[in-house]
Amino acid sequence: MKRKILCLALLGVHLVSFAQERVEQNLRDWQFSRDEVNWQSVAVPHDWAISGPFDKKWDLQVVAIEQNGEKEKSEKSGRSGSLPWIGKGFYKTRVHVDKSFAHAELVFDGAMSEPVVYVNGKQAGSWAYGYNAFRIDVTPYIILGDNEVEVRLNNVEESSRWYPGGGLYRPVKLVLAGAVRLDPWQTYFRTLSANEKEAWVSVDAELCGVSNPKDYRLDIVLADGDGNEYKVYSGKPVEGGVVNAVANIPSPRLWSPEHPALYRMEMKLYHGDQLVDACSQRVGIRTLSVDAEHGFRLNGKSRKFQGVCLHHDLGPLGAAVNKAALIRQVRILKDMGCDAIRTSHNMPSTMQMEVYDSLGMMVMAESFDMWIYPKCKNGYARFFKEWSARDMENLVRNHRNHPSLVMWSIGNEIPEQWSQEGVFHARRLQEICHRLDPSRPVTQGMDRVDNALASGFAQSMDVPGFNYRVHKYDGGIQKLPQGFLLGSETASTVSSRGVYKFPVEYSNHKTYDDGQCSSYDVEYCSWSNLPDDDFILQDDRSWTIGQFVWTGFDYLGEPTPYDGYWPSRSSYFGICDLAGLPKDRYYLYRSVWNRDAHTLHLLPHWTWPGREGQTTPVYCYTDYPSAELFVNGKSQGRISKNPSLGELYSERSLDRYRLRWNDVKYEPGELRVVAYDANGVKAGEQVVYTAGKAAAVKLESDRTSLCADGDDLAYITVSLVDKKGNEIPTATDLFEFQVTGAGSYRGACNGDATSLLPFTEPRMSLFSGKLVVTVQAASTPGNLRLVVKDKSNRSLKATLDIPVQ
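Asker: Help me understand the layout of surface pockets, please; the structure alone is not making it clear to me.
Answerer: Within this model, the second largest pocket holds a volume of roughly 1100 Å³. Along the wall of the second largest pocket there are 38 residues; nearest its centre are Pro582, Tyr587, His601, Glu727 and Lys770. Only α1 (323–336), α8 (584–593), β35 (600–603), β41 (682–689), β42 (696–701) and β43 (713–721) provide two or more residues apiece to the lining of the second largest pocket. Class assignment of the residues belonging to the lining of the second largest pocket gives a composition of 15 nonpolar, twelve polar and eleven charged.

Asker: Where do I start with the sheet that holds strand β13 (residues 145–155) in this structure?
Answerer: Read from one edge of the open sheet, six strands run β5-β4-β8-β13-β10-β11, paired in antiparallel fashion. The open sheet is flanked by β5 (40–43) and β11 (122–126), the only strands paired with a single partner. Averaged over all pairs of adjacent strands, the angle between strand axes in this sheet comes to 30°, irrespective of strand direction. The pairing of strand β10 (residues 116–119) with β11 spans four bridges and is classified as antiparallel. Bridging from a neighbouring strand, Tyr118 pairs with Gln123 of β11.

Asker: Looking at this model, I keep getting lost on the side chain of Asn322. Mind explaining?
Answerer: Its location among the elements puts Asn322 in the loop between β25 (305–310) and α1. The exposure class assigned to Asn322 is buried, which follows from its relative accessible area of 5%. A distance of 3.0 Å separates a polar atom in the side chain of Asn322 from the backbone nitrogen of Ala325. At 3.0 Å, the side chain of Asn322 forms a polar contact with the backbone oxygen of Asp711. If near-sequence neighbours (up to four positions away) are discounted, Asn322 is found in contact with Leu314, Leu317, Met351, Asp711, Leu713 and Arg746.

Asker: Any chance you could explain the packing of α1 against α8 here in plain terms?
Answerer: Helix-helix packing is described using two parameters, namely the angle between the two axes and the distance between the axes. At a minimum axis distance of 7 Å, the contact between α1 and α8 shows a crossing angle of 55°. Compared by their axis directions, α1 and α8 come out oblique. Contacts between α1 and α8 involve Ile332, Asp335 and Met336 on the former and, on the latter, Tyr586, Tyr589, Arg590 and Trp593. Grouping the constituent residues of the contact of α1 with α8 by class yields five nonpolar, no polar and two charged.

Asker: Honestly, the pattern of salt bridges in this entry has me stumped. Any pointers?
Answerer: Side-chain pairing between opposite charges can occur once the charged atoms of the two side chains come close. All told, the structure shown has 50 salt bridges when counted by the stated rule. Between Glu670 and Arg672 there is a salt bridge, with the nearest N and O atoms lying 3.6 Å from each other. Among the ionic contacts, a cluster of salt bridges with common partners joins Arg22, Glu24, Lys173 and Asp277.

Calculation criteria
- Residues numbered from 1 in each chain as written.
- Predicted model: local features only at pLDDT ≥ 70, side-chain atom pairs only at ≥ 80, totals over all residues.
- Heavy atoms only, no water.
- 1 Å grid on protein atoms, 1.4 Å probe; cavity = no way out; pocket = protein on both sides within 12 Å on 5 of 7 lines; lining within 4 Å.
- Points joined across faces, edges and corners; volume = space filled by probe spheres on them.
- Helix = DSSP H or I, 4+ residues; strand = E, 2+ residues; numbered from the N terminus.
- Nonpolar A, V, L, I, M, F, W, Y, C, P; charged D, E, K, R; others polar.
- Pairing = 2+ DSSP bridges.
- Axes fitted to C-alpha atoms, helices over the stretch in contact; angles between N-to-C directions.
- Buried < 20%, exposed > 50% of the residue type's maximum accessible area, 1.4 Å probe, protein only.
- Polar contact = N/O pair within 3.5 Å; in protein donor to acceptor, adjacent residues only side chain to side chain.
- Contact = heavy atoms within 4.5 Å.
- Parallel < 35°, antiparallel > 145°, perpendicular 65-115°, else oblique.
- Salt bridge = Lys/Arg side-chain N within 4 Å of Asp/Glu carboxyl O.

None of this, on its own, says anything about what the molecule does.
In structure tokens, the structure reads:
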């Protein structure tokens with residue numbers, strides 16, 4: 001397919017022309033204001049609130065969080081992130097159109113929130129839900145020449161249980177096309193059957209604006225990564241412009257998390273011999289099913305989900321979506337052994353889905369956090385009755401061609417689980433999914449398990465999902481005709497990276513004066529559990545089909561167990577912290593989930609001045625069955641995991657998946673663990689040293705070069721090391737950053753849920769010895785230079801150069 005690139009003088013925006021007619025223009029450059037008086041230039045995606053400042057007055061809520069079992073109202077200062085997302089925001093941009101088109105539409109991948117769209121001063125349309133993609137037909141309002149597009153947004157207080165962000169936080173594009181045209185949302189690709197020898201696929205398409213379909217011909221071709229093409233269809237649409245095609249693909253490349261093979265589906269529409277429209281989508285060939293006998297199967301092979309839940313914010317970037325940030329998340333998770341993501345509790349972005357397709361990450365696409373009953377005063381319950389069908393339809397039509405998407409979720413912990421009204425809406429929403437996409441099952445996360453089972457709510461779902469309630473699994477499965485059960489939200493263990501509390505106590509909802517949680521991974525919430533309980537259920541119950549851990553990364557808002565503690569303003573649930581740095585818990589999951597590489601991880605660190613002679617337990621997270629621990633060469637004993645343990649909510653059961661030396665006395669020097677395989681043969685070792693005084697700044701970048709596209713990012717981890725190169729895990733030094741050359745400073749984060757330093761200012765303190773700086777490439781090639789200076793020790797600084805190509 002040939003592409004013609006037109007460069008507009010105004011705004012310097014590129015137009016991508018598909019064949020002769022279709023033109024898609026990414027609307028990147030906008031003016032933004034909070035008051036319609038003071039305007040600034042911004043690039044979309046944009047989150048107006050992420051620069052702060054942090055302040056407890058933003059969306060200060062006095063509520064009882066029912067999900068946490070609270071009965072009395074109390075002040076919740078950080079529930080939605082303590083950032084200024086509340087209120088109105090205004091965006092405007094000018095677009096030049098130099099050719100007449102019969103159809104014009106604006107496509108928003110999401111706008112937070114309640115967007116109202118104007119074109120040339122006239123209201124063209126609106127949407128209610130900030131998380132959904134929507135399209136506005138602006139054909140009556142677009143003129144030749146210059147056009148002004150305005151978007152007005154309004155975020156009301158107490159409308160979110162976490163940080164939603166504010167603004168045009170996902171891409172916006174203008175689509176110009178002919179009267180008769182293709183529509184990606186009216187095109188449905190699916191795999192009917194597949195094995196290594198052949199696959200049968202179908203494509204359903206519906207032309208827009210066609211009055212006499214016999215005058216047109218539609219060609220559909222699949223092309224693999226090597227350029228091999230496979231004809232799917234070539235012919236005239238039937239009455240109404242509908243095409244239903246079935247084709248055989250020999251020796252297909254099947255999509256999976258391990259081998260995410262993609263095809264490009266090219267569609268070309270002809271009027272006689274004249275090409276009038278063309279478009280393409282990336283698709284994948286794969287089959288999926290779920291039943292009592294086999295559980296969940298992908299491409300005919302049973303597997304259990306090793307998934308995590310993710311909120312939509314990207315830490316110091318806020319809600320503004322970014323491809324490089326998403327890729328970094330996926331790579332970190334895949335190295336842990338994760339193979340699935342639940343987009344909790346909202347609809348994913350198109351950019352997310354494209355990344356998950358290409359890198360191989362299965363997806364449960366979620367829709368709503370509430371239906372009719374409000375969890376927060378001004379949440380989606382205001383819109384559910386009027387908008388839920390339209391929102392669900394947009395979700396499915398927008399994302400159903402993504403091979404990574406394996407399951408729809410119609411809700412999370414819906415309060416109406418107990419009622420027949422709840423059952424009615426569950427069936428209604430599920431039927432919308434079935435009608436538009438019969439190839440995928442539908443689920444939702446249920447926390448009121450007894451009520452959901454008594455009302456028939458749980459039995460009505462294709463896939464019954466339990467949120468926590470591990471003690472309800474064995475009884476629940478007896479009442480589920482489906483014969484299987486999904487851990488739709490699990491664990492909710494809490495920890496702060498690199499923070500260790502003594503004595504080590506197995507406990508729920510424990511808090512401390514400093515607003516941190518222990519990284520020994522023995523603390524959870526009153527309604528949740530530790531990872532070990534979920535491992536037991538997945539390993540010992542054949543009828544479980546996997547789990548989605550809450551959460552893969554910390555997120556802004558919902559700082560349980562410190563909902564009422566200031567200055568806590570972000571979560572502690574993450575397997576990785578808000579900066580994307582793995583916590584110790586990451587290696588516990590890796591030791592169970594990653595079967596392609598060994599894991600050997602010691603905790604805590606071994607720099608404890610003042611703890612000499614005191615009991616300092618040592619844990620080892622490893623896939624090896626046994627290990628011996630040494631302190632300065634003195635053996636602390638060789639121990640083995642106990643695979644026979646299976647009691648839930650039991651501290652003793654920790655010894656099934658962890659190696660623990662609970663009576664170690666701290667002395668400075670060397671901490672060493674030697675691991676042994678199942679045959680008793682030495683298989684690996686790890687050594688941790690007591691750190692000395694800071695001697696140098698250490699910089700580690702996740703990228704060696706960047707693309708000169710104006711969006712690409714590099715994440716640089718900053719730490720201090722002693723003269724022997726040992727990282728100093730207790731360092732809290734304040735650093736300043738300077739970026740010059742072909743790029744700019746984007747933000748910094750240290751993972752401390754109580755830090756009030758703004759992400760977007762070029763300074764940040766170390767937390768537990770680390771922080772992460774994010775730099776952004778320019779749109780022209782060159783060299784990006786980052787200079788990092790230790791303001792607490794002015795003799796220390798470091799420089800990093802990154803080519804931008």
